[in-house]
2 protein chains.
Amino acid sequence: MDKYIGMSKKDNNTEEKIIQAAEVVFIEKGMAGARMQQIADVAGINKALLHYYYRSKEKLFNVIFKIAFKAFIPNLLEVFKGDKDFFTKLRYFVSKYIDVLERNPHLPGFVLHEISHRPDNLMKMVKEMNFDVDFIQDQIAEEIAQGKIKAIDPAQLLINVISLCIFPIVAKPMISGVIYKGDEKAYKKMLKDRKTHVADFIINSIKP
Amino acid sequence: MDKYIGMSKKDNNTEEKIIQAAEVVFIEKGMAGARMQQIADVAGINKALLHYYYRSKEKLFNVIFKIAFKAFIPNLLEVFKGDKDFFTKLRYFVSKYIDVLERNPHLPGFVLHEISHRPDNLMKMVKEMNFDVDFIQDQIAEEIAQGKIKAIDPAQLLINVISLCIFPIVAKPMISGVIYKGDEKAYKKMLKDRKTHVADFIINSIKP
DNA sequence: GTCTATAAGGTGATAGAC
DNA sequence: GTCTATCACCTTATAGAC
């Protein structure tokens, strides 16, 4: 079982217990695979009480999805607003982001899977959350203009960065099984090395 | 609805119709979300006949998963066995693989999602299929030894290549929504550009 | 707020006629 | 092989006592 993502500590609060349980179950099983009964069990209550707090499975799911999405596109992106060297910020972001994902390995799979099954519904929700990644692309463009990095489509570079961070987590069983022949330790070492490898790989590619 | 992956053309054959329908439904909805009734509807038959051919949902799922997995880790990898220049083979692979995934956008999400929900079950199946990617890593190591590419962990490079190809497909609604603000055409153009961009990006990073 | 009991409808699977 | 009808179970959701 995964740990819950949320930050509240009021464990005695029933609502909090429900949220924590729902995070664990939904993120592990997905909307279609999750069962209200199991969420109730994990929360240590019964189904009826679950429906008393959240009238339907879908309403509860939407609450959890928002929490998961915020963890998935983290405040971490804010580091790019700092005035440090771009490569320094990139190294910091990659290392910390892989760190976050490593501790919540089912998170990216959950968000990606659900968002591609209800794109309209969920994207509306995401828009309300008002995420902004434009400033990162602007910053990349500015770095290029100043000759600090090679010419590259800022969007492509951004996609490359997140691909290299997220995919190894989403594809854990795949990589662990096919590339490392089931050797879990080898997978973990790879992920640890990756916290510096990814930034090195990217910087090697884009430095002038 | 997606198109089916399989290659057979015997459309009148009931078994073939079932496989095609099951591919469409399972790959789009996943095991937990798929319904035998819907598969029957898409195949133009009824549930009973479905169970006549495949005794259970799980048996049918396993058949489809194997097909999907073979398409996901394609014969395309064989190009690395050729004797062309490594960078040439890399360019060819990236371009063709993104091409394949673009035409089956739900395929990688399906395989990754299901494999991480039944790792033991499915990895056993995968092992029976006897995939081999070791020769690619050997080849990378050889290139490094010959000084044709910079020192790099072959496994990390391999992971980088597939991450950069697959992630943009798995995360389509995400990228399309957050980076391109819902502009589908911009997403498609990005993917088209990516067929050359990814190899350029990688080669820039690893050329001596 | 929290529980037990149960309704209402869905879902995988089978029986049996043709 | 293919169909209709049906079973047995599961799942969400609600009613009503405390």
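> What is the right way to read the protein's contact with DNA strand D from this model?
Not every one of the 16 residues close to DNA strand D is listed here, only the nearest: Arg 35, Lys 47 and Lys 57 of chain A together with Asn 46 and Tyr 53 of chain B. A share of 61% is what sugar and phosphate atoms reach among the atoms of DNA strand D within 4 Å of the protein. A distance of 3.1 Å separates a phosphate oxygen of DNA strand D from a polar side-chain atom of His 51 of chain A. Between DNA strand D and the protein, one listed contact pairs a sugar or linking oxygen with a side-chain N or O atom of Asn 46 of chain B at 3.2 Å.

> Even after reading the chapter, I still don't get the packing of helix α1 (residues 14–33) of chain B against helix α2 (residues 36–43) of chain B, so can you show me in this structure?
A pair of packed helices can be characterised by two numbers: the angle between their axes and the separation between those axes. All names here are of chain B. Packing of α1 against α2 leaves a shortest axis separation of 8 Å and a crossing angle of 135°. Judged on the interaxial angle alone, α2 and α1 are oblique. Of the two possible hands of crossing, α1 and α2 adopt the one that is right-handed. Contacts between α1 and α2 involve Lys 17, Ile 18, Ala 21, Ala 22, Val 25, Phe 26 and Lys 29 from the first element and Gln 38, Ile 39, Val 42 and Ala 43 from the second. In terms of residue class, the contact of α1 with α2 is made up of eight nonpolar, one polar and two charged.

> Explanation requested: the interface of chain B and chain A in the structure shown.
Often the size quoted for an interface is simply the accessible area lost on bringing the parts together. Each side of the interface is counted separately: chain B has 52 residues, and chain A has 52 residues. Summed over both partners, the interface of chain B with chain A buries about 4,500 Å², with 70% contributed by carbon and sulfur atoms. Where chain B meets chain A, there are two salt bridges. Of the charged contacts in the structure, one is a salt bridge between Asp 134 of chain B and Lys 181 of chain A, with a shortest N-O distance of 2.9 Å. At the junction of chain B and chain A, the tally comes to 16 residue pairs in polar contact (both at pLDDT 80 or more). At the level of secondary structure, the elements contributing two or more residues to the side of chain B that touches chain A comprise α1, α4 (57–72), α6 (107–115), α7 (119–129), α8 (134–145), α9 (154–170), α10 (172–179) and α11 (184–206) of chain B. Per element, the largest residue contribution to the side of chain B that touches chain A is 13 residues, and it comes from α9 of chain B.

> What is the right way to read the pattern of salt bridges from this model?
Side chains bearing opposite charge may pair, as long as their charged atoms lie close to each other. Residues and elements named next belong to chain A. Scanning the model with the defined rule gives 18 salt bridges over all chains in all. A salt bridge links Asp 99 to Arg 103, with the nearest nitrogen and oxygen atoms 3.1 Å apart. With Asp 99 and Arg 103 both in helix α5 (residues 86–103) and four residues apart, the pair spans about one turn of that helix. Exposure remark for Asp 99: the relative accessible area of 21% places this residue in the partly exposed category.

Each value, and the rule that gives it
- Residues numbered from 1 in each chain as written.
- Chains lettered and ligands numbered in written order.
- Predicted model: local features only at pLDDT ≥ 70, side-chain atom pairs only at ≥ 80, totals over all residues.
- Heavy atoms only, no water.
- Near = heavy atom within 4 Å.
- Polar contact = N/O pair within 3.5 Å; in protein donor to acceptor, adjacent residues only side chain to side chain.
- Axes fitted to C-alpha atoms, helices over the stretch in contact; angles between N-to-C directions.
- Helix = DSSP H or I, 4+ residues; strand = E, 2+ residues; numbered from the N terminus.
- Parallel < 35°, antiparallel > 145°, perpendicular 65-115°, else oblique.
- Left-handed = near helix turned anticlockwise from the far one by under 90°.
- Contact = heavy atoms within 4.5 Å.
- Nonpolar A, V, L, I, M, F, W, Y, C, P; charged D, E, K, R; others polar.
- Buried area = accessible area lost by both parts, 1.4 Å probe.
- Salt bridge = Lys/Arg side-chain N within 4 Å of Asp/Glu carboxyl O.
- Buried < 20%, exposed > 50% of the residue type's maximum accessible area, 1.4 Å probe, protein only.

Interpretation note: all reported values are geometric properties and have no functional meaning in isolation.
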